Amino acid sequence: MPEKLVRKMKSKMKSFRRGDFNEMPEIFQRRGMQWLFLLLLVFVVSFLTTVSLQYIPSHVQEGMISPRDIKADRNYEIVDIEATDKFKMEALESVLPVYDFDDLVSESIAERIRLAFANTRVRYEALLEAKGPKKRAAKHKLTEEESDELKEVFAQNLGVTPTSGQWKLLTGERFDQRSEDFLISLIKKVLERPIVAERAGLDALKEKGIIIRRTVTDEENGEPSLKEAVIKEVSEILSTDEARKLVEKVELTEVTFRSPLYPDKLRILVKELVEPNFALNRTETQKRKDQSAANVQNVMLKVKSGEMIVREGSRYELLHMKILEGIKQERKRGLYPLEFIGTFLLVFLFITVPFYLAEKFFRRIRPTRADHFLMAFIGLSIFIIVRVSIMLAPAFQSAIFFNAPITALHYAIPIAGGAMLLRMYLGAEITMIFAVSMSALSGLLLEADISFFAYLIMSNFAAVIAVANVDKRSAIIRAGLITGAAGILVILGTQAIALASAAETVSLSGFVWSIVLALLGGIGCAIYTMIAAPIVESVSGYTSDIKLLELANLNHPLLRELIVRAPGTYHHSHLVGVLGEAAAEAIGANALLVRVGAYYHDIGKMKKPSYFIENTKGGSNKHEKLSPNMSSLIISAHVKDGVEMANSAHIPKMIADMIPQHHGTRLMNYFYIKAKESEDPALSKADEKDFRYPGPKPQSREAAILMLADTTEASVRALKEKSSTRIQQTVQRAINDIFAESQLDECELTLQDLNDIAKSFVRILLGIYHQRIEYPEKDDNEKAEISVVDESSTREGADDELPSEPATKSEKT
């Protein structure tokens, strides 16, 4: 039982190495498991993007010596709290205090004076009225009680109690209008100046100044509006005591009273009425201070990913401590789960959406499970390289690239190497989609700006284009140089835009380093591709053009054995390769793959070469002594034998798959017709299924071209008369038969492709089977003179002595 399990595991591993994921355990082929693998891939990429491996010391004091290098693991923007607070304090100090000049104070006091006089007059008249007309006419003096009553009314309305002398003069003047007007004019004159309760706060603002707000009535529309003015001369602002002293000095229009002491007494009363009309608006001042502080931008300490914070052996300075403390605060915020979830979502979208759109709307993009695994493997390897490069960038910067900005070192990371490597195995369409996803994800990992993203996308596209036709190792280096050159052009463009922008500065040394490192990045892509390609080919069934060229070497053991054991098949395979290569070039398919597939498509015939007519050399036909059923079994067995031989020789899966696909599920007409002719309806009938190849039908354009070339070459070879017309008719009939049998339903050949393939077949076959002129006989001397020419002509003509096959055996028997 254990031996059986070991053999089964070995078989599965061989299938995996050939890229045959259909033989994987059923549980791994379920759709749910595929989604699980996708989520696992997204998780790993998100982890590589967000994980922090940075060393931060727990206790740091200024002047301590750093035991090791400390560098930033990603981009940080740390708030310099001290510098920010300093700027905020300066902003607060720059705010001028706001004082309100209240003109309503003057009007309020004037209104109190009016009310005091009016109400006192009314009460005085009422008292006189109560005494009778005679006493009223005699201007009867008030009793003490009546005087006190009037004084109380006057004081309540005015808000100030007059002295006995002031009251005596007021009653002597009968509270007349002149007294009222005098008081009002005097108080308004005094209150035209700003009056503050205390000057202590103002004296500190002599140099700074203050803001005065005052309500002013518009002369045109009469609407009040708030006006502001900044004054520096705060000495003009009076305190209450100064304003009361000013009362004595205010000059008014001369008014005649009965007593010359009356005006002075009234001035003393006005002093008591003086109130502050100028006060600090604390609410508005604080609001402006808050707004000014809020407008102050935080002073940010920007640390780039990979930037050295402090070197080993250096002393911690205040700046180092601020940065380290800021990084600690970032980690203490506990936002990593949120960052990871956001990154996970972005990575999932960047991976799934581009490929979903491509597979849904582009017919030629149909990646297999193996293709998805290959892209995942390449993508992960690139992300690991990027992550390691970020960690090593400061060391390289200090050791080699002294003046290079840390961000310029990112140009040297071979990110485009992933697209370059993938293009060697898959088509340009799917590789371009991969390049877009890789550019977006790499930019996310590097926290890149739009300029670097432009570099990523264009260098990836250049890598896809440059490596399209790699036929030798040195061509990969050339592709790397082209990729680097494309990156340099992007850098020139982005730097030119930066120069034109007043907000950005461009360093000449940084510019030069960016160009040098971009070129090194292109070469790095080539190095990555040359290192990774053999690994990919050894653990999977993928084959690059370089590997195909190695397989096209005619000294390959299988081909050397084929030419010895089945020379006719060997010759036929080469002719099929010539036809297939020309057809593939005509429709833009992989011509090299078709040619190599043609070399190996009939290697199974080496098991029983004499049962195939191209190897009999005019001898007897062994199938004449066999039943049609037995002959069909022998003929179809060369497909199975060929697959087994290809797997034993470690022929790549894409070549081995062409062995069964180049026959598809076609019917062996010769033996089927023979069986129908010899069948006995009473005993058994010939079943068409017994005379069909096992398949599958061609799954790619290259396999379909191989089927068409194989059938066409065999059909034309069987012609006795190889004229131009017959060749054209035969080619067209062979292609039509295959198309009519629905053998091309599972590949992507179009009718236009079939037309182009037919034209290329006819062109090549006419070149092979062209007509020759018959040379006249020469005498002996002439023959001696051109003997060398005759030998070469004889050898050339010998190439046309092609082994023939029966016309009915288009299936290459």
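Residues numbered from 1 in each chain as written. Predicted model: local features only at pLDDT ≥ 70, side-chain atom pairs only at ≥ 80, totals over all residues. Heavy atoms only, no water.

A. Expanded view of the overall build of the chain. Helix and strand content of the chain: 34 helices and ten strands. For the chain, the computed accessible surface area is about 43700 Å², with 57% contributed by carbon and sulfur atoms. (Helix = DSSP H or I, 4+ residues; strand = E, 2+ residues; numbered from the N terminus. Areas by Shrake-Rupley, 256 points an atom, 1.4 Å probe, with all protein chains shown as cover.)

B. Representation of the packing of helix 31 (residues 724-740) against helix 32 (residues 751-768). Packing of helix 31 against helix 32 leaves a shortest axis separation of 10 Å and a crossing angle of 145°. Here helix 31 and helix 32 pass one another in a crossing that is right-handed. Residues Ser724, Ile727, Gln728, Val731, Gln732, Ile735 and Phe739 of helix 31 touch helix 32, and the partners they reach there are Leu751, Leu754, Ala758, Phe761, Val762, Leu765 and Leu766. (Axes fitted to C-alpha atoms, helices over the stretch in contact; angles between N-to-C directions. Left-handed = near helix turned anticlockwise from the far one by under 90°. Contact = heavy atoms within 4.5 Å.)

C. Region of interest: the packing of helix 24 (residues 567-587) against helix 32. At a closest axis distance of 8 Å, the pairing of helix 24 and helix 32 adopts a crossing angle of 140°. In terms of their interaxial angle, helix 24 and helix 32 are classed as oblique. Between helix 24 and helix 32 lies a crossing of right-handed hand. Two secondary-structure elements touch here, helix 24 through Leu575, Val578, Leu579, Gly580, Ala582, Ala583, Ala586 and Ile587 and helix 32 through Asp753, Asp756, Ile757, Ser760, Phe761, Arg763, Ile764, Leu765 and Ile768. A per-class count over the contact of helix 24 with helix 32 returns twelve nonpolar, two polar and three charged. (Parallel < 35°, antiparallel > 145°, perpendicular 65-115°, else oblique. Nonpolar A, V, L, I, M, F, W, Y, C, P; charged D, E, K, R; others polar.)

D. Summary view of the packing of aromatic side chains. Using the criterion set out here, one finds 17 aromatic pairs in the structure. Between the aromatic rings of Phe37 and Phe373, the centroid separation amounts to 5.9 Å while the plane-to-plane angle is 65°, which identifies the pairing as edge-to-face. Remark: Phe373 occurs in helix 16 (residues 369-399) and Phe37 occurs in helix 3 (residues 31-50); sequence separation between them is 336 residues. For Phe37, a relative accessible area of 31% corresponds to the partly exposed category. A centroid spacing of 6.3 Å and a plane angle of 35° characterise the contact between Phe340 and Phe344, whose relative ring orientation is tilted. You can see Phe340 and its partner Phe344 sitting in helix 15 (residues 336-361), four residues apart, about one turn around the helix. Judged by its relative accessible area of 24%, Phe344 falls in the partly exposed class. Three or more aromatic residues joined by ring pairs make a cluster, and in this case those are Phe117, Tyr124, Phe154, Trp167 and Phe175. Stacked on the ring of Phe101, the Lys or Arg Arg214 has its end atom at 4.0 Å from the ring centre. Directly above the ring of Phe361 sits Lys360, whose terminal nitrogen or CZ lies 5.9 Å from the centroid. (Phe/Tyr/Trp six-rings, centres within 6.5 Å; stacked < 30°, edge-to-face > 60°. Buried < 20%, exposed > 50% of the residue type's maximum accessible area, 1.4 Å probe, protein only. Lys NZ or Arg CZ within 6 Å of the ring centre and 35° of its normal.)

E. Spotlight on the environment of Ile187. With respect to the helices and strands, the residue Ile187 is situated in helix 9 (residues 177-190). Look at Ile187 and you get buried, because its relative accessible area is 0%. For the pair Ile187 and Val250, spaced 63 residues apart in sequence, the C-alpha separation works out to 9.6 Å. Those residues in contact with Ile187 that sit more than four places away from it in its chain are Ile109, Ile113, Val270, Leu273 and Val274.

F. Just the pattern of salt bridges, in detail. As enumerated under the stated definition, the model contains 25 salt bridges in all. For Asp641, the salt bridge goes to Lys607, with nearest N and O atoms at 4.0 Å. Of this pair, Asp641 sits in helix 26 (residues 628-648) while Lys607 sits in the loop between helix 25 (591-600) and helix 26, and the two are 34 residues apart along the sequence. Ionic pairing is found between Arg666 and Glu741, a salt bridge with its closest N-O pair at 3.1 Å. On the criterion of sequence distance, the pair formed by Arg666 in the loop between helix 28 (658-661) and helix 29 (669-678) and Glu741 in the loop between helix 31 and helix 32 is long-range, its members being 75 residues apart. (Salt bridge = Lys/Arg side-chain N within 4 Å of Asp/Glu carboxyl O.)

G. Geometry of a nonpolar patch on the surface. On the surface, Leu345, Leu349, Val353, Tyr356, Leu357, Phe361 and Phe362 cluster together to form a nonpolar patch covering roughly 710 Å² of accessible area. Here Phe361 is to be found in helix 15. Judged by relative accessible area, which is 57%, Phe361 ranks as exposed. (Patch = residues over 30% accessible without salt bridge, like charges linked within 9 Å, V, L, I, M, F, W, Y side chains within 5 Å.)

H. Local environment of the nonpolar core. Tyr600, Val731 and Phe761 are the most contacted members of the largest nonpolar core, which has 67 residues in total. With residues near it in sequence (within four places) discarded, Tyr600 still touches Leu551, His556, Leu558, Leu559, Ile651, Ile655 and Ile659. In terms of nonpolar packing, the next biggest core, distinct from the first, is built from 66 residues, Val386, Leu409, Ile430 and Val470 among them. (Core = buried A, V, L, I, M, F, W, Y, C linked by side-chain atoms within 4.5 Å.)

I. Quick look at helix 23 (residues 557-565). Turning to helix 23, its buried residues number three or more, namely Leu558, Leu559 and Leu562. Buried residues of helix 23 fall within an arc of 95° about the axis and therefore sit on the same side. Exposed side of helix 23, more than 90 degrees from the buried face: Pro557, Arg560 and Val564 are the residues found there. In this fold, the buried residues of helix 23 make contact with helix 22 (545-551), helix 24, helix 25 and helix 26. (Arc of directions from axis to C-beta.)

J. Quick peek at unusual backbone geometry. Following Gly695, the chain continues into Pro696 via a peptide bond in cis, with omega recorded as 10°. Within the fold, Pro696 resides in the loop between helix 29 and helix 30 (701-717). Even without glycine at this site, His650 takes up a positive phi of about 60°. Tracing the chain through its elements places His650 in the loop between helix 26 and helix 27 (653-656).

K. Looking closely at a negative patch on the surface. Judged by side-chain charge, Glu144, Glu145, Asp148 and Glu152 come together as a negatively charged surface patch. For Asp148, a relative accessible area of 44% corresponds to the partly exposed category. (Lys, Arg positive; Asp, Glu negative; His and termini not counted. Charge placed at Lys NZ, Arg CZ, Asp CG, Glu CD.)

L. Geometry of the environment of Met300. Within the secondary structure, Met300 is located in strand 9 (residues 300-303). In this structure, the C-alpha to C-alpha distance between Met300 and Val79, residues 221 residues apart in sequence, is 4.7 Å.

M. Region of interest: helix 24. Across its 21 residues, helix 24 extends 31 Å between first and last C-alpha, which sits within 8% of the 30 Å expected from 1.5 Å per residue. Most of helix 24 is tucked away, with 15 of its 21 residues classed as buried. Gly588 sits one or two positions beyond helix 24 and adopts a positive phi of about 80°. (Expected span 1.5 Å × (residues − 1).)

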